[in-house]
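Tertiary structure, described
What follows is the residue order along each chain.
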Amino acid sequence: LVFKGGELGGARVVWLDRAGKETPFLDAPADYRDLSVSPDGARIIYARGDGGKIDLWIRDLQRDVSSRFTVDPAAEVVPHWSADGRRIFYTSDAKGPGDLYVKDASDTRDAEPLLVDKTEKYVSDVSSDGKYLLLTSREPNGGTWDISALPLDGEAKLLPLVKTAFNEMWATLSPDGKYIAYQSNQSGQNEIYVQEFPEARNKWQISTDGGVEGYWRGDGRELFYRSGPRLMSVAVQTGGTFTAGKPTAMFQTRFATMVSRGKYRRSPDG
């Protein structure tokens with residue numbers, strides 16, 4: 001799924017195949033923001049602004065029906081499905097900027113606070129075994145962005161993964177759970193890097209001319225990322241060792257500019 005620039009005052013959401021061919025989807029222009037595809041590919045959840053208020057909506061892709069998922073006055077953003085598709089994690093400003101909440105995807109129970117403290121934090125991925133959330137977070141004094149993991153069993157305490165004087169953001173886990181891909185501006189511009197998880201012994205730069213929002217293909221043999229208006233692809237191998245090929249451009253498109261995250265998501269089958 002890719003957000004496209006649309007009519008004045010809004011954006012469109014479209015499907016794009018690997019050649020860049022568009023199939024209209026949620027075509028009515030609106031203030032669409034972050035989105036997440038369910039593990040089975042049957043639903044998406046997305047944030048939509050309306051009159052200064054931001055709520056989450058779920059779209060049933062089989063029935064072509066959208067329903068509002070959050071209705072409170074707070075702004076809810078950056079939603080993410082749990083590994084089993086039964087819960088939704090998201091960030092809310094109900095009690096302060098950047099707090100984590102969780103709610104049943106069935107929308108039959110109220111949301112529950114998952115981690116409410118002074119840090120600003122957003123979910124970027126969930127491990128396939130459901131044990132960890134990957135977070136982009138920063139301290140309340142407006143420092144640099146770092147990457148942390150939050151265990152979903154036991155004490156709700158952030159475990160630092162990548163913490164430097166630079167901005168590291170939006171980590172995603174390889175399907176085998178052994179590596180994370182993330183963006184960092186340590187070179188002077190954002191590039192995509194890969195390192196081991198949970199303990200890093202090596203680091204590899206993947207992009208060569210700028211890169212943000214890295215995602216793994218479902219079988220872990222390919223990485224996608226954005227470089228300007230281009231969607232890029234890199235063949236990779238994981239396992240005991242990690243190797244990466246040369247980046248190639250898949251297609252070029254017009255990403256909506258009003259969203260800072262969630263400009264695209266890959267389908268489960270890539």
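Scroll up to find the structure.
Everything numeric here is computed off the predicted structure, so don't read it as measured data.

Moving on to the environment of Ser-128. Within the element layout of this structure, Ser-128 appears in the loop between strand S11 (120–126) and strand S12 (132–138). Through-space distance from the C-alpha of Ser-128 to that of Asp-84 is 8.4 Å; in sequence the pair is 44 residues apart. Ignoring anything within four residues of it in the chain, the contact list for Ser-128 reads Ala-83 and Pro-175.

Strand order in the open sheet formed by 4 strands is S11-S12-S13-S14, and the pairing between neighbours is antiparallel. The open sheet terminates on both sides in strands that have one partner only, identified here as S11 and strand S14 (159–162). With strand direction ignored, the average angle separating the axes of adjacent strands in the sheet is 35 degrees. In this sheet, S14 lies alongside strand S13 (residues 146–151) in antiparallel orientation, the contact comprising 3 bridges. Each residue of the ladder has a partner; that of Ala-149, found in S14, is Leu-159.

This model, assessed by the stated rule, comprises 12 aromatic pairs. Summarising the aromatic geometry, the rings of Tyr-90 and Tyr-101 are spaced 6.2 Å apart at their centres and angled 15 degrees between planes, so their arrangement reads as stacked. Of the two residues, Tyr-90 is situated in strand S8 (residues 87–92) and Tyr-101 in strand S9 (residues 99–104); the sequence distance between them amounts to 11 residues. On the basis of an interplanar angle of 55 degrees and a centroid distance of 6.2 Å, the ring pair of Tyr-122 and Trp-170 is categorised as tilted. One end of the pair, Tyr-122, is in strand S11; the other, Trp-170, is in strand S15 (residues 168–173), with 48 residues separating them in the sequence.

So, how was this worked out
- Residues numbered from 1 in each chain as written.
- Predicted model: local features only at pLDDT ≥ 70, side-chain atom pairs only at ≥ 80, totals over all residues.
- Heavy atoms only, no water.
- Helix = DSSP H or I, 4+ residues; strand = E, 2+ residues; numbered from the N terminus.
- Contact = heavy atoms within 4.5 Å.
- Pairing = 2+ DSSP bridges.
- Axes fitted to C-alpha atoms, helices over the stretch in contact; angles between N-to-C directions.
- Phe/Tyr/Trp six-rings, centres within 6.5 Å; stacked < 30°, edge-to-face > 60°.

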